[in-house]
Amino acid sequence: METVLENKLPTSKPKWLRVKLPIGKKYTELRGLVDKYSLNTICTSGSCPNMGECWGEGTATFMILGNVCTRSCGFCGVKTGRPETVDWDEPEKVARSIKIMNIKHAVITSVDRDDLKDGGSIIWIETVKAIRRMNPNTTLETLIPDFQGIERNLDRIVEANPEVVSHNIETVRRLTREVRIQAKYDRSMEVLRYLKEKGINRTKSGIMLGLGEEEEEVMQTLRDLRAANVDVVTIGQYLQPSKKHLPVKEYITPEQFEKYEKYGLELGFRHVESGALVRSSYKAQKHIL
């Protein structure tokens with residue numbers, strides 16, 4: 001009788017997911033400033049594996065509009081619930097943090113604020129303005145929510161005109177309802193298409209792998225992103241934030257990531273960052289070129 005073995009994940013993460021401790025003079029200097037002034041970066045709060053590398057190159061990511069999200073995505077470690085009231089001093093605080101850290105390229109992101117009529121887009125544009133005013137030589141990427149696809153809210157981002165506007169598709173069409181729950185695959189694609197049509201110079205999106213997607217589904221997602229005229233795509237390994245979140249179905253090999261990178265470049269993306277430890281803002285400073 002033939003024995004069928006279950007396809008189980010290894011008990012420990014594969015060697016390509018092991019991260020070296022961040023080191024270097026620039027990292028140490030920025031870490032000291034973050035601690036001294038209690039600055040809020042996604043890099044530290046999210047324990048990003050690339051923190052040392054990005055900080056060494058003068059890039060950091062900041063989250064605005066609080067730390068409680070109105071959505072309950074199955075992959076995300078951010079708390080879900082009723083957000084606090086909007087802090088209208090936040091734009092100045094973020095701009096000041098960037099100045100203190102002497103950041104060359106800042107990535108701004110936020111929770112979803114479906115509780116607000118403007119989706120938080122007014123704070124978004126005020127934050128960009130404050131950063132521009134206080135840090136005129138700092139370039140910007142805004143990693144935005146979908147704003148429920150409401151054009152007047154997206155238009156505020158267009159008006160702010162950051163060097164890069166990013167919105168993550170996160171996963172393939174089939175898994176969207178399970179992974180992103182309140183989001184919609186086609187709506188996200190339309191948001192990216194709309195931003196490009198309205199004149200944003202560089203648009204960007206990201207995909208997580210290891211949630212049960214098939215290779216052809218990933219390639220179809222890449223084709224859909226190019227059809228929406230997206231310029232830059234990041235592809236990384238999903239890692240489970242806690243036992244309450246979606247489980248990792250598969251650890252993607254470096255060879256498979258290389259295959260997706262090659263395919264993306266053949267499709268015509270300006271930049272493709274594809275690897276197990278790649279996150280949305282990985283090598284973000286290069287994506288403005």
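Keep in mind the model is a prediction, meaning the values are calculated, not measured.

Chemist: When you look at the overall build of the protein in this model, what are you seeing that I'm missing?
Modeler: Scanning the protein for helices and strands turns up 10 helices and nine strands. Its C-alpha atoms give the protein a radius of gyration of 19 Å, near enough to 19 Å, the size a compact globule of 289 residues would have. Here the C-alpha coordinates of the protein stretch approximately 70 × 45 × 40 Å along the principal axes. Within the protein, the fraction of its 289 residues that count as buried is 52%. When contacts within the protein are restricted to residue pairs at least 6 apart in sequence, those whose partners lie at least 24 apart make up 75%. Carbon and sulfur atoms provide 50% of the accessible area of the protein, an area that totals close to 14,700 Å². Taken together, the 45 basic and 40 acidic charged side chains of the protein have centroids lying 4 Å from each other.

Chemist: Teacher, can you tell me more about the pairing of strand β5 (residues 139–143) here?
Modeler: Where a strand is regular, its side chains alternate between the two sheet faces. The buried fraction of β5 amounts to five of the five residues, a majority that puts the element mostly inside the structure. Here strand β4 (residues 105–110) runs beside β5; their pairing, made up of five bridges, is parallel. Looking across to β5, one finds that Val 107 is bridged to Glu 141. Read as a crossover between parallel neighbours, the route from β4 over helix α5 (residues 121–134) to β5 is right-handed. Bridge count between β5 and strand β6 (residues 164–166): three bridges; the pairing is parallel. Directly across from Leu 143, in β6, lies its bridge partner Ser 166. For the handedness criterion, the β-α-β arrangement of β5, helix α6 (residues 151–160) and β6 is classed as right-handed.

Chemist: Is there a simple way to explain the packing of aromatic side chains in this structure?
Modeler: The relation between two aromatic rings is expressed through the spacing of the ring centres and the mutual angle of the planes. This model, assessed by the stated rule, comprises zero aromatic pairs. Above the face of the Phe 269 ring, Arg 226 is positioned so that its terminal group lies 5.4 Å from the ring centre.

Chemist: Teacher, can you tell me more about the packing of α6 against helix α8 (residues 185–197) here?
Modeler: It is the contact of α6 with α8, at a shortest axis distance of 10 Å, that shows an interaxial angle of 50°. It follows from the interaxial angle that α6 and α8 lie oblique. Crossing handedness for the pair α6 and α8: right-handed. Where α6 approaches α8, its residues Glu 151, Leu 154, Asp 155 and Val 158 are matched on the opposing element by Val 191, Tyr 194 and Leu 195. The class makeup of the residues in the contact of α6 with α8 is five nonpolar, no polar and two charged.

Chemist: Explain the confidence of the model for the protein here, please?
Modeler: Predicted coordinates in regions of low pLDDT should not be interpreted in detail. Averaged over every residue, the pLDDT of the protein is 88; residues scoring 70 or more account for 92%. In this model, residues 1–7 is a region of pLDDT below 50 whose contacts with residues beyond four sequence positions or in other chains number zero contacts.

Chemist: Would you take a moment to explain the pattern of salt bridges for this structure?
Modeler: Pairs may arise between side chains of opposite charge once their charged atoms sit close together. Following the criterion strictly, the structure yields 16 salt bridges and no others. Arg 71 is the partner of Asp 146 in a salt bridge, and the nearest nitrogen-oxygen pair spans 2.8 Å. Here the residue Asp 146 occupies a position in the loop between β5 and α6, and Arg 71 occupies one in the loop between β2 (68–69) and β3 (79–80), the gap between them amounting to 75 residues. Arg 71 carries the same exposure label as Asp 146, and that label is buried. Here Lys 93 makes a salt bridge to Asp 87, at a shortest N to O gap of 2.8 Å. According to the relative accessible area criterion, Asp 87 is partly exposed, its value standing at 30%. Several salt bridges share partner residues, and in doing so they unite Arg 71, Asp 112, Asp 114, Asp 146 and Arg 187 into one network.

Calculation notes
Residues numbered from 1 in each chain as written. Predicted model: local features only at pLDDT ≥ 70, side-chain atom pairs only at ≥ 80, totals over all residues. Heavy atoms only, no water. Helix = DSSP H or I, 4+ residues; strand = E, 2+ residues; numbered from the N terminus. Rg over C-alpha atoms; globule rule 2.2 N^0.38 Å. Buried < 20%, exposed > 50% of the residue type's maximum accessible area, 1.4 Å probe, protein only. Contact = heavy atoms within 4.5 Å. Areas by Shrake-Rupley, 256 points an atom, 1.4 Å probe, with all protein chains shown as cover. Lys, Arg positive; Asp, Glu negative; His and termini not counted. Charge placed at Lys NZ, Arg CZ, Asp CG, Glu CD. Pairing = 2+ DSSP bridges. Right-handed = clockwise from strand over helix to strand, strands pointing away. Phe/Tyr/Trp six-rings, centres within 6.5 Å; stacked < 30°, edge-to-face > 60°. Lys NZ or Arg CZ within 6 Å of the ring centre and 35° of its normal. Axes fitted to C-alpha atoms, helices over the stretch in contact; angles between N-to-C directions. Parallel < 35°, antiparallel > 145°, perpendicular 65-115°, else oblique. Left-handed = near helix turned anticlockwise from the far one by under 90°. Nonpolar A, V, L, I, M, F, W, Y, C, P; charged D, E, K, R; others polar. pLDDT = per-residue confidence, 0-100. Salt bridge = Lys/Arg side-chain N within 4 Å of Asp/Glu carboxyl O.

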